[in-house]
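What the coordinates show
Chain residues, written in single-letter form:
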Amino acid sequence: MTSRRTLAGTVSGFALICSAMVAQADVLFWSTQARPVEEAQAMRQDVLTGAPETVDYQPNEVGPWLTRFQAEVEAGSGSIGVLGALHGDFSSIDPDHLVDLGDLGVTSNSETFNTLAMLGTNTLQYVPWMQATYIMAANKQALEYLPEGADIDALTYDQLIEWAANVHEGVGEPKFGFPAGPKGLKHRFFQGYLYPSYTNGVVRTFASPEAVTAWEKFLELWEHTNPASTNFSFLQEQLLSGDAWIAFDHTSRLAQAFNERPDDFVAFPAPAGPEGRGFMPVLAGLAIPETTPDQDASKAVIQYMLEPETQIATLRATSFFPVVDVELPDDLPPAVTAAGDAVAKMSGAPDANPGLLPAGLGDMDGDFSRVFVDTFERIVLARQPIEAVLEDQKQQLSRIMEESGAPCWAPDAPSEGACPVE
């Protein structure tokens, strides 16, 4: 919820400063995304030049972004026309202070994303704008070992395990690669892929019977995982070296393999479990504050940002993928084309079940991720009993949630106050 404790004098002074800073553009685009200088410049020169209104694109860190928005809300007027931010940023805002976009006529191609964009209400509070995520990749040599009848674009975890086992047996060594190294993003796999797929939650369901099953399945997969994975952090390296034939990682950490040898690899969606195809979208959206000086102009800019040509220009500028159906041009880097196709299939899948980035944890975000890393190391590497480890780690997770006060995020059911570890 938006804080209402800002002192009236501070708000008034801040509002005056904001008014004085307004550029001569029709719409101020206030964003937490595309902050690097080169990305911001590309947004201004390559993405927004064709907008129906002149746009002043101003990216900022989340803190200043939220402070200015709150100040304008408290003042009852402002200059921000369009808000650009991640889903988690919007989750900290009271939807009452955003313009209802339900009648705007533009949405993403993912009903899952459109539901998230309602922020728990019955209508669209922001419009999905762009996305990044983690995907699977494989050497084409592994395709002959796919289980009979398996669709690589709609795999289940059981099929992935069988596939990894087939490769292991066929070539005489385990070829599944997992980013379990010191700088690997293993915690995101558990938070956004394994847990949502098996438990339809992350925090509430951390020590549930379904979570026990999830870890049992991962142990099965680990039997066919290259044991050197504890040193793997960027799976593009192992794909290129041949140490991994099947791999999971962030799109940016697979890019080199596709760019150097595009004909040797294939990208595809993450597998599905009993609760759907868990995946972790880094979802950004566009909203309009209730204090916008020109609602029609702001809506026109958002409609423009969702046009296929603009989505492709945004991809070039930010490396974030479209959220609408587009035909990617031939001159994009091979990694972008391959990953973009996989991302679109994953987010648009009928069984898509997104496990969002943790939100509301503040400086305890690292502690939260450490719980999942420690759980992995104890269960998978040290082979400690699953139930005992989960019960022990559950205490740590409960403490983190209570101290941070972070409410639940998808796919966990909403909570009043701190998300409970049930």
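Residues numbered from 1 in each chain as written. Predicted model: local features only at pLDDT ≥ 70, side-chain atom pairs only at ≥ 80, totals over all residues. Heavy atoms only, no water.

**Side note on the overall build of the protein**
Operational definition: Helix and strand definitions follow DSSP, with helices as H or I runs of at least four residues and strands as E runs of at least two, each counted in order from the N terminus. With C-alpha atoms as the basis for the radius of gyration, the globule rule is written as 2.2 Å multiplied by the number of residues raised to the power 0.38. Only the protein chains shown count as cover for residues, and all accessible areas are computed by the Shrake-Rupley method using a 1.4 Å probe.
The helix and strand tally for the protein stands at 15 helices and 11 strands. Relative to the 2.2 N^0.38 estimate, which gives 22 Å for 422 residues, the radius of gyration of the protein is 22 Å and therefore close to what a compact globule would have. Along the first, second and third principal axes, the C-alpha atoms of the protein reach 70 × 50 × 35 Å. On the protein, roughly 17,100 Å² of surface is accessible, and the fraction owed to carbon and sulfur atoms is 48%.

**Quick look at the sheet that holds strand β7 (residues 246-250)**
Put simply, the rule reads: Strand pairing requires that DSSP identify at least two bridges connecting the strands. The contact definition used throughout considers only heavy atoms, calling two residues in contact when any of these lie within 4.5 Å. Every axis corresponds to a line fitted to the C-alpha atoms, with the helix fit spanning only the stretch in contact, and the corresponding angles, defined between N-to-C directions, vary from 0 to 180 degrees.
Across the sheet, 4 strands lie side by side as β6-β7-β5-β8; this open sheet has mixed pairing. Each having just a single partner strand, β6 (176-177) and β8 (265-268) make up the two edges of the open sheet. Here 2 bridges tie β6 to β7, and the two strands are oriented parallel to one another. Looking at β7, one finds that F176 is bridged to I246. Set on the sheet, helix α6 (residues 157-171) makes contact with β5 (134-139), β6, β7 and β8; between it and β7 the angle comes to about 130 degrees.

**Quick look at the packing of helix α8 (residues 209-222) against helix α14 (residues 365-381)**
Describing two packed helices takes the angle between their axes plus the distance from one axis to the other. Using the following cut-off: Roughly parallel covers angles under 35 degrees, roughly antiparallel covers those over 145, roughly perpendicular covers 65 to 115, and oblique covers all other angles. Here a crossing is taken to be left-handed if its near helix is turned anticlockwise relative to the far helix by less than a right angle, and right-handed if that turn runs clockwise. In this classification, the charged set is Asp, Glu, Lys and Arg, the nonpolar set is Ala, Val, Leu, Ile, Met, Phe, Trp, Tyr, Cys and Pro, and all remaining amino acids, among them Gly, are polar.
Put simply, α8 and α14 touch, their axes get as near as 10 Å, and they point 60 degrees apart. Relative to α14, α8 is oriented oblique. Here the hand of the crossing between α8 and α14 comes out right-handed. Of the residues in α14, those in contact with W215, F218, L219 and W222 of α8 are F372, T375, F376, I379, V380 and L381. Of the residues assigned to the contact of α8 with α14, the class counts are 9 nonpolar, 1 polar and no charged.

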